[in-house]
Amino acid sequence: PADARYPGGLIAPSVIDLSGGSVTAVLANNRLDTFSWSLSLEDLPGTLPGNSIISRITLTPNTGGAPLAPGETANFQVSIDSSGLPNGSYEAVLVVNTDAFGSIRYRLIYTQN
């Protein structure tokens with residue numbers, strides 16, 4: 001974190017780049033409270049329907065997992081079906097929904113060459 005007095009983000013990597021294939025991310029409870037969690041996807045504001053990639057992204061597990069106590073971690077995988085996707089750069093938002101800290105958003109990026 002930028003300031004050692006405050007906890008860092010909940011997931012690593014903090015930006016998920018799917019350009020090289022699927023990514024296994026780690027959700028870490030670096031906080032003082034146990035929390036339940038789930039994952040969801042959103043388009044960036046202003047994304048045109050033809051540029052949305054959220055229907056091509058798969059989250060595994062897609063429903064979240066068991067509550068995480070302080071110091072515990074959980075892995076999840078993010079993948080994309082890029083078949084037929086035109087060349088270009090795409091972005092979406094991964095949302096980590098928690099019952100203790102609300103919803104925290106992270107960037108998903110993908111470049112099709």
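In this text the structure is predicted, and so the values were computed from the model without any measurement. (Residues numbered from 1 in each chain as written. Predicted model: local features only at pLDDT ≥ 70, side-chain atom pairs only at ≥ 80, totals over all residues. Heavy atoms only, no water.)

Where do I start with the sheet that holds strand S6 (residues 65-68) in this structure?
Strands pair in a sheet through their backbones, by hydrogen bonds, and they do so in one of two ways: parallel or antiparallel. What the five strands build is an open sheet, ordered S2-S9-S8-S4-S6; its pairing is mixed. Each end of this open sheet is capped by a strand with a single partner; those strands are strand S2 (15-17) and S6. Going from strand to strand, the sheet's axes swing by 30° on average, the running direction of each strand aside. Examined bridge by bridge, strand S8 (residues 88-98) and strand S9 (residues 102-112) share eleven bridges and lie antiparallel to one another. Looking at S9, one finds that Val 95 is bridged to Arg 105. (Pairing = 2+ DSSP bridges. Helix = DSSP H or I, 4+ residues; strand = E, 2+ residues; numbered from the N terminus. Axes fitted to C-alpha atoms, helices over the stretch in contact; angles between N-to-C directions.)

I keep staring at the nonpolar core and nothing clicks. Help me out?
Within soluble globular proteins, side chains that are nonpolar tend to cluster in buried spots. Ranked by internal contacts, the top residues of the largest apolar core, which has 26 residues, are Ile 11, Ile 16, Leu 18, Leu 27 and Ile 57. Taken together, the elements giving at least two residues each to this core come down to strand S3 (23-28), strand S4 (35-42), strand S5 (57-60), strand S7 (73-80), S8 and S9. Excluding its chain neighbours within four sequence positions, the residues that come into contact with Leu 18 are Val 23, Ile 57, Val 78, Ser 79, Ile 80, Leu 108, Ile 109 and Tyr 110. (Core = buried A, V, L, I, M, F, W, Y, C linked by side-chain atoms within 4.5 Å. Buried < 20%, exposed > 50% of the residue type's maximum accessible area, 1.4 Å probe, protein only. Contact = heavy atoms within 4.5 Å.)

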